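# Overview (structure and organization)
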Amino acid sequence: MRSTIYRIIEPSKKKNGASHYFDIFIIILILLNVLAIILESEESLRTIYRPVFRQFEIFSVIVFSIEYLLRVWTATEKVKYSRPIIGRLRFMTTPIALIDLFAILPFYLPFIGIDLRFLRIMRLFRVFRILKMARYSKAFDLIQKVLKEKKEELVITLGLISIILVIISTLMYYVERDAQPEHFSSISKSIWWGIVTLTTVGYGDIYPITRLGKFLGGIITLMSVGLIALPSGIIASGYTEQILERKRKRN
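To start, this report covers the structure provided alongside it. (Residues numbered from 1 in each chain as written. Predicted model: local features only at pLDDT ≥ 70, side-chain atom pairs only at ≥ 80, totals over all residues. Heavy atoms only, no water.)

## Quick word on a nonpolar patch on the surface
Our working rule: In this scheme, patches are assembled from residues that exceed 30% relative accessible area and form no salt bridge. Like charges are connected within 9 Å, while nonpolar side chains (Val, Leu, Ile, Met, Phe, Trp, Tyr) are connected within 5 Å. For the area figures, the Shrake-Rupley method with a 1.4 Å probe applies, and any residue is considered shielded solely by the protein chains shown. A pair is scored as a salt bridge if a Lys or Arg side-chain nitrogen falls within 4 Å of a carboxyl oxygen belonging to Asp or Glu. By definition, any uninterrupted DSSP run of H or I lasting at least four residues is a helix, any uninterrupted run of E lasting at least two residues is a strand, and each is numbered from the N terminus. Exposure classes here rest on a 1.4 Å probe applied to the protein chains alone. A residue is buried below 20% of its type maximum, exposed above 50%, and partly exposed in between.
On the surface, Y21, I24, I28, L32, L35 and L39 cluster together into a nonpolar patch covering about 540 Å² of accessible area. Here I28 lies in helix α2 (residues 18–40). Of the residues examined, I28 reaches a relative accessible area of 45% and is grouped as partly exposed.

## Side note on the side chain of T74
Stated precisely, the cut-off is as follows: Counting of polar contacts relies on pairs of N or O atoms within 3.5 Å, with two restrictions inside protein: one atom must be capable of donating a hydrogen and the other of accepting it, and residues adjacent in sequence are counted only when both atoms are side-chain atoms. Here, two residues are considered to be in contact whenever any of their heavy atoms come within 4.5 Å of each other.
Examined against the element boundaries, T74 turns out to sit in helix α4 (residues 50–74). We classify T74 as buried; its relative accessible area is 1%. From its side chain, T74 meets the backbone oxygen of L70 in a polar contact 2.8 Å long. Setting aside anything within four residues of it in sequence, one finds T74 in contact with R2, I5, Y6 and I9.

## Some remarks on a positive patch on the surface
Where we set the bar: The charge count includes Lys and Arg as positive and Asp and Glu as negative, but it does not include His or the ends of the chains. Think of each charge as sitting on NZ of Lys, CZ of Arg, CG of Asp or CD of Glu.
The grouping of K78, K80, R83, R90, K148 and K151 at the surface amounts to a positive patch. Here R90 lies in helix α5 (residues 86–92). A relative accessible area of 45% means that R90 is categorised as partly exposed.

## Remarks on the packing of aromatic side chains
As a reminder, the rule being used: Pairing of aromatic rings covers Phe, Tyr and Trp, the last counted by its six-membered ring, and requires centre-to-centre distances within 6.5 Å; plane angles under 30 degrees mean stacked, over 60 mean edge-to-face, and any other angle means tilted.
Tallying each qualifying case throughout the model produces three aromatic pairs. Consider the rings of Y81 and F91, whose centres lie 5.7 Å apart with planes at 70 degrees: the pair is edge-to-face. Taken as a pair, Y81 in the loop between α4 and α5 and F91 in helix α5 lie far apart in primary sequence, 10 residues in all. Grouping residues by exposure puts Y81 and F91 together as buried.

## A short note on the packing of helix α9 (residues 151–176) against helix α10 (residues 187–198)
Counted only if it meets this: Simply put, an axis is a line fit to the C-alpha atoms, just over the touching stretch for a helix, and the angle between two N-to-C directions goes from 0 to 180 degrees. Relative orientations are named as follows: roughly parallel for angles under 35 degrees, roughly antiparallel for angles over 145 degrees, roughly perpendicular for angles from 65 to 115 degrees, and oblique for any other angle. Crossing handedness follows the turn of the near helix against the far one: under a right angle anticlockwise gives a left-handed crossing, and clockwise gives a right-handed one. Amino acids are sorted into nonpolar (Ala, Val, Leu, Ile, Met, Phe, Trp, Tyr, Cys and Pro), charged (Asp, Glu, Lys and Arg) and polar (every other residue, Gly among them).
Running from N to C, α9 and α10 cross one another at 120 degrees; their axes reach a closest spacing of 8 Å. When the axis of α9 is compared with that of α10, the two are oblique. Classified by chirality, the crossing of α10 by α9 is right-handed. Packed against α9, whose contacting residues are I161, L165, I168, S169, T170, M172 and Y173, the element α10 presents I187, S190, I191, W193, G194, I195 and L198 at the interface. Per-class residue counts for the contact of α9 with α10 are 10 nonpolar, four polar and no charged.

## Some details on the packing of α2 against α4
In contact at an axis separation of 11 Å, α2 and α4 are set at 140 degrees when each is read in the N-to-C sense. Compared by their axis directions, α2 and α4 come out oblique. Of the two elements, α2 crosses α4, and the hand of that crossing is left-handed. Contacts between α2 and α4 pair F22, F25, I26, L29, I30, L32, N33, A36, L39 and E40 from the former with F53, F56, E57, F59, S60, V63, F64, E67 and R71 from the latter.

## A word on the nonpolar core
Heads up, the rule is: In this description, a nonpolar core means a group of buried Ala, Val, Leu, Ile, Met, Phe, Trp, Tyr and Cys residues linked to one another through side-chain atoms lying within 4.5 Å.
Of all hydrophobic cores here, the largest spans 15 residues; its most connected members are I26, F64 and F91. Judged by nonpolar contacts, the second largest core, of 12 residues, contains I161, I164, L165 and L198.

## Remarks on α9
Heads up, the condition is: The span you would expect from a helix comes to 1.5 Å times its residue count less one.
End to end, α9 covers 37 Å across 26 residues, agreeing with the expected 38 Å (1.5 Å per residue, within 8%). Within the sequence span of α9, burial applies to L154, T157, I161, I164, L165, I168, S169, M172, Y173 and E176.

Written out as C-alpha cells, the structure reads:
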C-alpha cells in the first residue's frame, strides 16, 4: 500500500495514470491558492468573500496536510531514506519538504497560542505554496542543478561584491558625511547607497553632491556594470552546460 501511494504522489513521467492526474490536481490547487492570496489582499474582495476564502483555505490546507503526511510516510521507499525514523527525519529537513511544511504551517499556528504579530508574519509563508510547483517543473529542477554546480563560484563572487560594497560605502561615508550628514551619517546608512549603485538601480534618493563624491560615484557606477554581470555570467554558463548535458544524454 505504501509503495502504491508513493508511486501516485511522486511526480509522474507518463501522461496517464493516477500519478499524472494527481500531479494535475495539485498543480491546479497550488495556482488557485496563489490566486486566492492575491485576491484576498484586496480589501473590498476580502470583505465580501471572506467566508469563501476561508472555506477554500481550509480545503487546501486539508489536502496539503494529507499530501505532506503521505510524503513523510512513504519517504522510506527511497533508498537514502530507508531507515524508518532517521530516514523520515532526513526527508523532513530537505528543502522541498520544508516548503511543503511552511505552506501549511500558518494555518495551524493560531491553535497553539502564537503571538498575533508573529502570526501575521508567518501568514506570508502561505505564498510558499507556489514553490511546491518545483516538484513538478523541469525548469525548477534545472535551476537547482545549476546553483548546486556553480555554488562555489557564486559564493566567491558574492563575497567579492560584499567586500567591494563595504569599501565603497566606507569611502563615500568619509567623503560625503560633512556635506550630507542626514544621508551619510554612518557607514551602515552609506551601504544603502552602495547597494543601489552596485546594482545599477539608481533610485536617486541618496547621491553624492561633492566633487570628490561625484568622481568616486562615477568610477563605482562604471565598475558595478561588470561586477553585477559576474554572477549572471556564471549562472548563464551553468545553464548552457546543463542544457548541453541533457542533449548529450538524449542522443
